[in-house]
Amino acid sequence: MKLLFAASFALFVLSTFDTADSSAYDKIVAHSRIRARKEGPNVCALQQVMGTKKKYFSTCRNWYQGAICGKKAVVLYECCPGYMKLDGMRGCPAVAPIDHVYGTLGLVKATSTQSYSDISKLRPEIEGSGSYTFFAPSNEAWELLDEDVRSALVSNVNIELYNALHFHMVNKRLLTKDLKNGMTVTSMYNDLGLHINHYSNGVVTVNCARIIHGNQVATNGVVHVIDRVISAAGNTIQDVIDVDDDLTTLSDIAQNSALLEKLGQPGHYTLFAPTNEAFDSLGSEVLERIKTDKEVLNVLLKFHLLDSVQCSEAIMAGSSYETLEGNNIEIGCDGDSLTVNGVKMVRKKDIVTTNGVIHLIDQVLMPDSAKQVMELVGSSVSTFGDMVSELGLSAAMRPEAEYTLLAPLNAAFNDEVMSMDQRLLKIILESHILKNKIVLGQLYNGQQLETIAGKILRVFIYRTAVCIENACLIRGSKEGSNGALHLMRTLLKPAENTMFQILTENGGFKIFLSLMEAAGLTDLLKQEGDFTLFAPSDQAFAVLSDSDLELLKRDINALRTILLYHINNGVFIGGGLETGVTNLLKSLQGSNLRVMLANDTMRVNTVQVPKSDIMATNGVIHFINHLLYPGDVPVGSQDLLMLLKRLITYIQIKYIAGYRYQEIPLTFMKRIITRVYQEVVPEVTKVTRVIEAEPTITKVTRVIETEPSITKVTRVIENEPPITKVTRVVSGPQYSVSSGTSNIALEGADFSEITTIEGNADFESERLTKLIQEVNSRGTPPQRLLAGSRRRARQ
């Protein structure tokens, strides 16, 4: 009775301390007790993985999933640590008797450890006085130990087995609440360290062996049952890399990195170490690129390293962990296998070192920061990657240059797109590759980006979206070693024409354009800028007659008020609007437009927008089939009111007799200088020129039969007494002629085709002929004078 009272009192005192300073392990056990409260007092609910003997005091996540490491788990009800059943009574009403450490090994069913303690002569020590912590391997743990190792221990019980058991002991009582994460306690064998990890999910490990039954208090200490036999850790991670035959490639490439030296220093690390075969699978070209690029090498190695110790037994479900490279990897489990990013790649796990743990993996983890830009293309944009490769665009990318891929999702490549002519599709895809590396944080509103084809793309920044032309980015941007990748919901459609050109070529906005012209606002559609236009189609004006349109145009201030209400300053595309809420856009008229996007449908002032996001070089156009009117502006004319009521039905327009529309300052208009070039297509003209001079007469014939620009030739005919200047229009290419003074014998020449005399276009050809004949009749001797200069006649 006295022994039972002492045990009860000891357990009460310890449980009081536990409540005051409980650990994650203690909390998990307490939750297990709550889950099993219907089974009676002091009963704990555990989960056992089906097909195995592995049992866990599990977390809420695993409990409600009904699985551990992806495997179905069944619920077991057992006595909580420190309690036991009594025949005929419900639950576990009795406190387990307290005994020395040797006797306690039997109570927790660690009979193999108890037996080995007996034959190794350890029994007297753990039955005697003292305060010990014994991390006792379970019976199954001894069975899992390599047969040769176990035989070697048993065959030399007085030394090897005794030392091995001493390595599992600490000369101090340590409850689970005392076992802090990252601490190292000194074992009773050669003062070698035991590395403790206490995880948030309640798992406690000793050299990566999990405590499966903790806090079994003894009179001279405490016993924690663990799931494996532990061995001493005397090497650092660097030491293991240097000597392990499976890690020679890792050792070679790590020599060029400062990281290897770091792994030889004290710390708490987890290294996912790729084997030689893992590096070989990359291919010689990729491996050589990694070796020669020190920056890529460093980020690659850091991506395999965690700044914490993650033993495999602590992994009960997938969790994300930040690497030293800065990005996260997901460590999970699938049955007994450890997974990385969902892939079973761990070939050997839990190689314990003095500064962490190593897991050997058969694949190289390649972070985005170590990849070439085309290697960033994932499964969600695989069609884009395939098309870029097939059309030769990826082959044209230089490894030393930087690029940014604007990659549309696979859904963007519908049947219509895929059936395009490949030359056209190539032009479209060229607009999705930028010349430089632009990461998400470098994008700003109004920024202009140049594509590899030389086109300019505009960036628009909204409250909840970043868009490039008509397409907005979605979550998933990546940064590689020589570029970046941004995911786009749709294909980009770069602007090529102004708003005026788009509406004119469409042909369905003639009335709107005529009204803009009447209001003197046409240049607004042509000028540079960033505008959003809700353009009413001809259908919006279908009920109006010509006289109605004249009425609209009669008051220019009223017309401008209505038209400028359809335009606002700034580019707003559908993807940039917040979904499900009203977006207020201030129009150039001054009143707000109320725009809402819901179920992929845009509405402005409740009017549906049938077609949106038509990109122009000076903004964006959204087509509508109704006229809009500012609700806060009244109408002062009954005729105009009746007209507007026929056009606008979504609001009740106010009427105030005599109200006059205010003039709107057109400060947003820019002066546009228009130059008109008129091309004249001349007729083919044959010209024959006869030039007479001393001592010989030279006859020159020029025949011009082309369609070039008009050339004006000026000929000066000098004689006494009058001087006459003749201008002739000759069709043909531009050419230089002599311009000077000559006495030319014109007798017999035909002047019928002379049409224009310089300085007097009305000079008739008959009068010119008569004048020349009179000059010849005077008998002035012909003589030739050299031209004073040469000049090119111009039209």
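Residues numbered from 1 in each chain as written. Predicted model: local features only at pLDDT ≥ 70, side-chain atom pairs only at ≥ 80, totals over all residues. Heavy atoms only, no water.

For the rest of this paragraph, the subject is the environment of T176. Relative to the elements of secondary structure, T176 occurs in the loop between β8 (169–170) and β9 (184–186). Residue T176 is classed as buried on the basis of its relative accessible area, which comes to 0%. As a C-alpha pair, T176 and V222 span 46 residues in sequence and 9.9 Å in three-dimensional space. Among all residues touching T176, those that are not within four sequence positions of it are S23, Y25, D26, H198, N215 and H224. (Helix = DSSP H or I, 4+ residues; strand = E, 2+ residues; numbered from the N terminus. Buried < 20%, exposed > 50% of the residue type's maximum accessible area, 1.4 Å probe, protein only. Contact = heavy atoms within 4.5 Å.)

What follows concerns the sheet that holds strand β4 (residues 71–79). Reading across from one edge, β2-β1-β4-β3 is the order of the four strands in this open sheet, with antiparallel pairing throughout. Each edge of the open sheet is held by one strand with a lone partner, namely β2 (55–56) and β3 (67–68). Pairing analysis gives seven bridges linking strand β1 (residues 43–49) to β4, with the strands arranged antiparallel. Residue pairing for β4: Q47 is matched across the bridge by V75. (Pairing = 2+ DSSP bridges.)

Before going further, it helps to spend a moment on the packing of aromatic side chains. Enumeration according to the criterion identifies five aromatic pairs in this entry. Ring geometry for Y116 versus W142: centroids 4.6 Å apart, planes at 65 degrees, classification edge-to-face. One end of the pair, Y116, is in helix α5 (residues 111–119); the other, W142, is in helix α7 (residues 139–144), and 26 residues separate them in sequence. Judged by centre distance (4.7 Å) and plane angle (50 degrees), the rings of F509 and F623 are tilted. You can see F509 sitting in the loop between α19 (499–506) and α20 (510–518) and its partner F623 sitting in strand β36 (residues 619–624), a full 114 residues away along the chain. (Phe/Tyr/Trp six-rings, centres within 6.5 Å; stacked < 30°, edge-to-face > 60°.)

Another aspect to go through is the sheet that holds strand β14 (residues 269–274). One open sheet holds the four strands; their spatial order is β15-β14-β21-β20, and the pairing between them is mixed. Of all strands in the sheet, those with a lone pairing partner are β15 (305–306) and β20 (346–353), marking the two edges. Here five bridges tie β20 to strand β21 (residues 356–361), and the two strands are oriented antiparallel to one another. Bridging across to β21, K348 finds its partner in L360.

Looking now at the confidence of the model for the chain. Averaged over all residues, the pLDDT of the chain is 85; the fraction at 70 or higher stands at 82%. Between residues 751–761, whose pLDDT stays under 50, and residues either more than four places distant or in other chains, the model counts 22 contacts. Within the model, pLDDT remains below 50 along residues 775–795, and this stretch shows 38 contacts once partners closer than five positions in the same chain are excluded. (pLDDT = per-residue confidence, 0-100.)

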